[in-house]
Amino acid sequence: MRAALRSLLVVNRAAVVGAGVVVALAAVLLAVTGAWLEAGIRHPDAPFLSTVAGSFAGTLLLITVFMVASVFTGVLRERRREFALLRAIGATAGQIRGTVRTEVLVLLALVAPLGAVVGTFVAPLVTPLLASSDLVPAGFTLAPTVVPLVGTLVVLVPTGLLAAAMAARAATHPSPTDAVRASTTDVPTLSRGRRIAAGVTALIGLATATTPFFTPGLVGSATGATSAIVLVVAAALAGPLLVQWGARRALRGASGPAATLALLNARGASRRLSAAVVPLALLVALGTVQTGTDAAVQRATGDQLRAGLQADLVVTGADGVTAAEADRIAAMPGVRATTTMRDTAGSVQIEQADEDLPALGDLEWEPTLIRALSGDDGRVDPAVRAGSLDALDEPGTVAVSTDVIALTPTGLGDTIRMRTGDGPAAPARVVAVYDRGLAFGDVLVRDRTSGPAGTLLVDTAAGDRAAVREALLATGVGVTSVDGYVTTALRSGDGDRRLSLVLVVTLLAFVAAAAGNTLLTTTRGRRGEFGLLQRTGATRVQLLRMAGVETAYTAVAAVVIGTLAVLPALVGVGFGLAGAPAAGFDLASWAGFSLAAVVVAVVGVLPVAGRIARGR
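Just so it is clear, the structure is predicted and the values come from calculations on it, not from any experiment. (Residues numbered from 1 in each chain as written. Predicted model: local features only at pLDDT ≥ 70, side-chain atom pairs only at ≥ 80, totals over all residues. Heavy atoms only, no water.)

1. Some points on the pattern of salt bridges
Under the counting rule described, the total for this entry stands at 12 salt bridges. Two residues, R306 and D303, come together in a salt bridge whose shortest N-O distance is 4.0 Å. Placement of the pair is R306 and D303 together in helix α15 (residues 270-308), with a separation of 3 residues, close to one helical turn. Members of the salt-bridge network, linked through shared partners, are R299, D303, R306 and D483. (Salt bridge = Lys/Arg side-chain N within 4 Å of Asp/Glu carboxyl O. Helix = DSSP H or I, 4+ residues; strand = E, 2+ residues; numbered from the N terminus.)

Okay, here's the thing in structure tokens:
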């Protein structure tokens, strides 16, 4: 234990501090997400919180495992020569593995619980952000518990130990003599198993990207969007080969000793460079696919609303439209017909509960908004695919969107269970299935209540629209066109988009921190290389130019790999949601995330390289 503490806090302090920061950030994010997820499960008055937290937790878990393992592997890789020399003077493979495992466990014990505790107490502070997205009711409080701490350790400890085992195996697998020789160079080739894994992962990613073409809608597009991360994982497996291939092509056009030396270094040290390129590519891909998906969802929602609202005017009110007001409006001269729409929070259970796992029954309920339509629903066209909305007049019936029943055996004529608010669950027979779920929600029912409706759709006689509009304005209600209503409806989702943006930016900041730490660690580990170059005649300016070219190559490679990884996902998302492959492309966001990758590369390499060059 004393040796492990001395190694962490004294001998390898510079590298360990960076790794500790990354682990601490990962612990904070995991604890915050765990606290939200637990609160959503425990509190029935915040049903959407568990859905959002669960969705984010899946992405966060994958990214956290990937980045933490990458950071630990990078730090331990820089100590290959140390481990090789220990073996050369008599240390056994078991002792090396034990040392590495102990150091990783000590670092996790020092940092992970602290980060998890900070995250547990930070989670309640961002409750206003959740409230602005209507994920929690007003006055909602989130009490700290021990669950986020336990969950964080369950994720980080195995991840750290796995990375330690892989690094220790690489250091102890060859003989001591071979280990000393290999510690000064990069292995130029990849094992056959890793090549096969990279190819299979790439094929899986490309296949996943085609999901929206076979399963249109939100479910298919969400699945297709994950292909970006899968393809980045494939790039990580094949990273050294990709870096070598790019460096060879760039060498053909290189001019000057600095550029040539930098590209030769990139080709020869492809493993080291790919460890920095892949996290930056992940930053580009993850940020671009998230913003692109949000843009496609917003466009598709607007298109569906415009196509599905068959009305001339839309009436709203601060407190809704009462039944008396709706009757008066329907009796106005020039008004041909009206339809009311009322939204209520609820949840549905599409599939029957698993009899073997009754404790998971509550998790099979999906929170949703239930939209109730008045009997005369001719102003609403949700693009019914099967059945008829007229059948909603029969009690105990429901219409569902294709999104909510996607990937399930449920269909027309089947029975689902539904509950509104805290009310009891009740069976409902599916009498219609429709496509425009983004515009009209996942569930439509017949309105049988007497309270104020949120929206009144008004159809006017030919040539009477202007006169009816003036008459409605005179009564004091809010009146707008369908286009105006669509604009307002899309703007009302700003809270959700703001929350999504905050979550994505936070996750990307973590990725950037991990990538920056990797760059700093690998650059610091090149002191001997820089010193050898200076002893053979290289000047400080030449070294800085070489570092600049390497940085540029790292940034360009990351942007190219990240862009290629995200393109299939964006094409699928755009087609699945809006029917237009280009709908998911947001060039401004892509440029911003690409610039961020460039900045991280520059900050992570050039300042350290400059200090090393001046120090010699």
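2. Here's the deal with the pairing of strand β2 (residues 335-349)
Where burial is concerned, most of β2 is hidden: 11 out of the 15 residues are buried. Where β2 meets strand β9 (residues 453-460), 6 bridges bridge the pair, whose relative direction is antiparallel. Bridge pairing in β9 links A337 to D459. Of the strand pairs in this sheet, β2 and strand β3 (residues 366-373) are connected by 8 bridges, and their pairing is antiparallel. In the strand pairing of β3, S347 is matched with P367. Strand direction decides the pairing type here: β2 and strand β6 (residues 415-420), joined by 4 bridges, are antiparallel. (Buried < 20%, exposed > 50% of the residue type's maximum accessible area, 1.4 Å probe, protein only. Pairing = 2+ DSSP bridges.)

3. As for the side chain of T291
Relative to the helices and strands, T291 is located in helix α15. Look at T291 and you get buried, because its relative accessible area is 15%. For T291, the contacting residues outside a window of four places in its chain are S589 and F593. (Contact = heavy atoms within 4.5 Å.)

4. Considerations on the environment of R371
Summarising the element assignment, R371 is placed in strand β3. Residue classification places R371 among the buried positions, given a relative accessible area of 10%. Taking C-alpha positions, R371 is 4.5 Å from D343, a pair spaced 28 residues apart along the chain. In this view, R371 contacts M341, R342, D343, A439, F440, V443, L444 and V445; residues no more than four positions away in its chain are not counted. For R371, the side chain forms a polar contact with the side chain of D343, separated by 2.7 Å. (Polar contact = N/O pair within 3.5 Å; in protein donor to acceptor, adjacent residues only side chain to side chain.)

5. Here we look at the packing of helix α14 (residues 257-268) against helix α23 (residues 540-578)
The contact between α14 and α23 brings their axes to 8 Å, and the two run at 50 degrees. Accordingly, the angle class assigned to the pair α14 and α23 is oblique. Once α14 is placed against α23, the crossing between them reads as right-handed. Judged by residue contacts, A258, A259, L261, A262, L263, N265 and A266 of α14 engage Q542, R545, M546, V549, E550 and Y553 from α23. When grouped by side-chain class, the residues that make up the contact of α14 with α23 number 9 nonpolar, 2 polar and 2 charged. (Axes fitted to C-alpha atoms, helices over the stretch in contact; angles between N-to-C directions. Parallel < 35°, antiparallel > 145°, perpendicular 65-115°, else oblique. Left-handed = near helix turned anticlockwise from the far one by under 90°. Nonpolar A, V, L, I, M, F, W, Y, C, P; charged D, E, K, R; others polar.)

6. So, unusual backbone geometry
Notably, A383 is not glycine yet its phi reads approximately 65 degrees, a positive angle. Residue position: A383 is located in the loop between β3 and β4 (384-387).

7. Considering the packing of helix α12 (residues 227-237) against helix α13 (residues 239-251)
Here α12 crosses α13 at 75 degrees, and the two axes come no closer than 4 Å. Here α12 lies roughly perpendicular to α13, going by the angle between them. Taken together, the residues of α13 that come into contact with α12 (itself represented by A235, A236 and L237) are G239, P240 and L242. Residue composition of the contact of α12 with α13, grouped by class: 5 nonpolar, 1 polar and no charged.

8. Examining the nonpolar core
V23, W36, I63, F72, L156, L280 and F510 are the most contacted members of the largest nonpolar core, which totals 95 residues. Looking at this core element by element, the count peaks at 14 residues for α15. Here W36 is in contact with L49, A53, A123, V126, L130, L142 and L503, once residues within four sequence places are set aside. Among the nonpolar cores identified, the runner-up in size contains 21 residues, and L389, A432, F440 and Y485 belong to it. (Core = buried A, V, L, I, M, F, W, Y, C linked by side-chain atoms within 4.5 Å.)

9. Looking at the packing of aromatic side chains
Summed over all chains, the structure comprises 1 aromatic pair. Centre to centre, the rings of F213 and F575 are 4.6 Å apart; their planes meet at 20 degrees, and the pair counts as stacked. Of this pair, F213 sits in helix α10 (residues 211-214) while F575 sits in helix α23, placing them 362 residues apart in sequence. Take F213: its relative accessible area is 38%, and that puts it in the partly exposed class. (Phe/Tyr/Trp six-rings, centres within 6.5 Å; stacked < 30°, edge-to-face > 60°.)

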